[in-house]
Structure formats: structure tokens, C-alpha cells
Amino acid sequence: MNLDLTGKRAIVCGSTQGIGKAAAIEIALLGAGVTLVARDLKKLEGVVASLPRVEGQHHEFIQADFDSPEELEKKISQYILTTKVHILVNNTGGPPGGPLLNASIADFEKAYRSHLLCNHLMVQQVVPGMKEDKYGRIINVISTSVKIPLPNLGVSNTTRGAVANWSKTLSVELAPFNITVNNVLPGSTMTARLQSLMEERARQKGKSYEEVKAETAREVPAGRISEPEEVGAVIAFLASPAASYINGINVPVDGGRTGSL
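Residues numbered from 1 in each chain as written. Predicted model: local features only at pLDDT ≥ 70, side-chain atom pairs only at ≥ 80, totals over all residues. Heavy atoms only, no water.

1. Some words on the nonpolar core
And step 1. If you look at the biggest cluster of nonpolar residues, it comprises 30 residues, and the most contacted ones within it are Ile 27, Val 34, Leu 36, Ile 87 and Ile 235.
And step 2. Here Ile 27 is in contact with Leu 5, Ala 10, Val 12, Ala 32, Val 34, Ile 87, Val 89, Ile 235 and Ala 236, once residues within four sequence places are set aside.
And step 3. One finds Ile 62, Phe 66, Ile 76 and Ala 164 within the second-largest nonpolar core, a separate group that totals 28 residues. (Core = buried A, V, L, I, M, F, W, Y, C linked by side-chain atoms within 4.5 Å. Buried < 20%, exposed > 50% of the residue type's maximum accessible area, 1.4 Å probe, protein only. Contact = heavy atoms within 4.5 Å.)

2. What about the side chain of Ser 171?
And step 1. Among the secondary structure elements, Ser 171 is positioned in helix H5 (residues 154-174).
And step 2. When sequence neighbours within four positions are dropped, the list of residues in contact with Ser 171 reads Val 181, Asn 247 and Gly 248. (Helix = DSSP H or I, 4+ residues; strand = E, 2+ residues; numbered from the N terminus.)

3. Some thoughts on the pairing of strand E4 (residues 87-90)
And step 1. The alternating pattern of E4 places Ile 87 and Val 89 on one face and Leu 88 and Asn 90 on the opposite face, and all of these are buried.
And step 2. Bridge analysis of strand E1 (residues 9-13) against E4 gives three bridges, and the strand direction is parallel. Following the sheet pairing, Val 12 is matched in E4 by Val 89.
And step 3. Pairing geometry for E4 and strand E5 (residues 136-141), over four bridges, is parallel. By the bridge assignment for E5, Val 89 is matched with Ile 139. (Pairing = 2+ DSSP bridges.)

4. Points about the packing of helix H1 (residues 18-29) against helix H8 (residues 228-239)
And step 1. H8 packs onto H1 with a crossing angle of 50° between their chain directions and a minimal axis gap of 7 Å. For the element pair H1 / H8, the angle class is oblique. In terms of crossing hand, the pair formed by H1 and H8 is right-handed. Residues Gly 18, Ile 19, Ala 22, Ala 23, Glu 26 and Ile 27 of H1 form the contact with H8, whose participating residues are Pro 228, Glu 229, Val 231, Gly 232, Ala 233, Ile 235 and Ala 236.
And step 2. Of the residues that constitute the contact of H1 with H8, the class distribution is nine nonpolar, two polar and two charged. (Axes fitted to C-alpha atoms, helices over the stretch in contact; angles between N-to-C directions. Parallel < 35°, antiparallel > 145°, perpendicular 65-115°, else oblique. Left-handed = near helix turned anticlockwise from the far one by under 90°. Nonpolar A, V, L, I, M, F, W, Y, C, P; charged D, E, K, R; others polar.)

It is worth stressing that arrangement in space is one thing and function is another; only the former is reported here.
Shown next as C-alpha cells:
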């Protein structure tokens, strides 16, 4: 199986923690040079220094805020003037929880900017180089909510569904150029976001955090919450030459929790 990414350049968004950081590490282990994108400079410096590397492998970062698509577009457009990108991992923190009916227009606009619009701008910037090198992997980290909406995540469910359909449309348009577009759907994964959601659920139910964590684990057939590295490994596989004929799909990484095919 060809998993070798030597000589390839990957941009991994939201890569200073959680699934993004795990994906950056796994992709680096396969030989690619990794460019981290996030807004926290100190965390970027720490993660880029810790990435695995061999001789000739170079990692770097771009500091950008996904709440500002214009800023992101400007920085990425400058970056690709000198660097071709072969792998793009679109990943950013999810919108706050809450019932859909309570969501404001501003809530939707913020979520669409940081997810759908930023993803789209990133793709527009990197695809020309992918076409030239006849190699491209675009992987969007979204949520199992594109299959079954999750309770109390109204804005997130809506936004993730839009990203999934955007991705499927792109996969058809880009397939002739050896560029694949796929979505990874994490289930319950031990990230800062999941911890925050479980803490809020504990407050609402008058339970301890540990009780809610145990309840969350019991909802998964595997009986446990996943680690970010388990999702990162799937992302790295989809970035590899071995995944060349996988295109336009949603890949749940959820321990069997999602109740649909």
C-alpha cells in the first residue's frame, strides 16, 4: 500500500489542538511537509517545533483567523506564490451549541464564514497548483450530523450539511484532475470542543462532568470516546496515494454510533 507523502506539501487548518493537530502529525509521519494554519501564534510555534521530521522535511505555519475570510484569503494567496499545496485539510472549531429556533442571523453568518466560506476560499487558492502537479487531496473535517442531526447543535447541524453538499459538488468537478474531495465525520472525540459541550450538558442536567462523560461513552457501540489520533489517521490515509479512487464520500469515525449507513 502506497502511503508515501514524501515531497508533498499539506496545509492543515485548525492544527494547534485536537483533530487538526493529530492530522498534522499523522501526515508528517507519512513524509509530507506540513503548513499549520491557526490564529494562536504561541501554539503554532509549539506545534510546528514538535512535528516529526526527517532530513529534508520542512514544516511551517501561517497565522490566520477563520473569523476573517478576507484575511485568510490574503495570507494564503501570498503563500501559494512560492509554494504548491497538494493536500488541504479544512478544519475549524464548531459553532456554539443551542436550539436551532434560538439562533440569530448573526450566528448563522459567523458559522458560514468560518466554515463554508473559508473552506471555499482555501480550495480556490490551492487547486491551481494541484492541477499542475496532477495530485490533490481535499479533506473536510465536519461531523456525523450530516447523516443524523445532533440534539442542541442547530447552527452546527445546518452549517455542516451545507459543507457536505459543497464538498460533494466539488468532488465531481475536480475528479478529472486527480483531485479528490472527501469528508471525515468525527463522532465523540476527546477534544476541547467535546469537553465544553459535556460540561454544558452537565450543568443543564445537574450532573457531574464525569457522569456525562460516561453517558457519552455508553452511547457509542465501541463503549468509549475516541482519541484525536484515531481521526487523524483516517485523514492521513485519505491524503495518501492509496486513497486515489476514494472520492466524494462521508467517512464516519465514530465507533459505530451513527444510526445510518
